Amino acid sequence: CEVNILQQNAFDEILQSNPLFARRMNELVVARQLDSHIARTHTKGIDFQVSQNDIDLAVEVMEKNMKQGLERRRKKEPDVGS
């Protein structure tokens, strides 16, 4: 089994140059978190439904947080040309 590890800056470049990939990744994170939460609450006898609008809003928040993280890391990088 081979394990490939991306350094943060390489991963950030991938996200910045492939916004559709970044969006899909955020959608998968939201879906996994939702599935996990539903499974936990189902064992407690709680049943609820989530609207597509709520899922879309969660993905938008994830995208906003991702972009803020990218920007924060970019500001911390030392200038290569200096």
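Note that the structure is predicted; figures quoted are calculated from it, not measured.

Trainee: Account for the overall build of the chain, with residues named and values stated.
Mentor: Of the regular secondary structure elements, the chain holds 3 helices and 0 strands. Reading the secondary structure of the chain in the N-to-C direction produces α-α-α. Taken against the 2.2 N^0.38 rule, which gives 12 Å for 82 residues, the C-alpha radius of gyration of the chain at 17 Å runs more than 25% over that of a compact globule. Expressed along its principal axes, the backbone C-alpha trace of the chain runs to roughly 60 × 35 × 20 Å. Going through the 82 residues of the chain one by one, you find that 13% of them count as buried. Here the chain displays about 7000 Å² of accessible surface, and carbon together with sulfur accounts for 53% of that area.

Trainee: Quick rundown of the packing of helix α1 (residues 8–17) against helix α3 (residues 52–76)? Include the residues and the values.
Mentor: In the contact formed by α1 and α3, the axes pass within 11 Å of each other and the chain directions differ by 130°. One element, α1, and the other, α3, form an angle in the oblique class. The element α1 and its partner α3 pack so that their crossing is left-handed. Where α1 approaches α3, its residues Gln8, Asp12, Leu15 and Gln16 are matched on the opposing element by Met66, Leu70, Arg73 and Arg74. Grouping the constituent residues of the contact of α1 with α3 by class yields 3 nonpolar, 2 polar and 3 charged.

Trainee: Describe the pattern of salt bridges, listing the residues and the values that go with them.
Mentor: Considering all chains together, one arrives at 5 salt bridges under this definition. A salt bridge links Arg23 to Glu63; its shortest N-O distance comes to 2.9 Å. Within this pair, whereas Arg23 is found in helix α2 (residues 19–42), its partner Glu63 is found in helix α3, the two being separated by 40 residues in sequence. Through salt bridges that share partners, Arg23, Arg24, Glu27 and Glu63 make up one connected network.

Trainee: Go over a nonpolar patch on the surface with me, naming the residues and quoting the values.
Mentor: Together, Leu6, Ile14 and Phe21 make up a nonpolar patch on the protein surface, roughly 260 Å² of accessible area in all. Counting through the fold element by element, Phe21 comes out in helix α2.

Trainee: Tell me about the packing of α1 against α2, and name the residues and values.
Mentor: At a closest axis distance of 5 Å, the pairing of α1 and α2 adopts a crossing angle of 105°. What the angle tells us is that α1 and α2 run roughly perpendicular. Contacts between α1 and α2 pair Phe11, Ile14, Leu15, Gln16 and Ser17 from the former with Pro19, Phe21, Ala22 and Met25 from the latter.

Thresholds, definitions, all that
Residues numbered from 1 in each chain as written. Predicted model: local features only at pLDDT ≥ 70, side-chain atom pairs only at ≥ 80, totals over all residues. Heavy atoms only, no water. Helix = DSSP H or I, 4+ residues; strand = E, 2+ residues; numbered from the N terminus. Rg over C-alpha atoms; globule rule 2.2 N^0.38 Å. Buried < 20%, exposed > 50% of the residue type's maximum accessible area, 1.4 Å probe, protein only. Areas by Shrake-Rupley, 256 points an atom, 1.4 Å probe, with all protein chains shown as cover. Axes fitted to C-alpha atoms, helices over the stretch in contact; angles between N-to-C directions. Parallel < 35°, antiparallel > 145°, perpendicular 65-115°, else oblique. Left-handed = near helix turned anticlockwise from the far one by under 90°. Contact = heavy atoms within 4.5 Å. Nonpolar A, V, L, I, M, F, W, Y, C, P; charged D, E, K, R; others polar. Salt bridge = Lys/Arg side-chain N within 4 Å of Asp/Glu carboxyl O. Patch = residues over 30% accessible without salt bridge, like charges linked within 9 Å, V, L, I, M, F, W, Y side chains within 5 Å.

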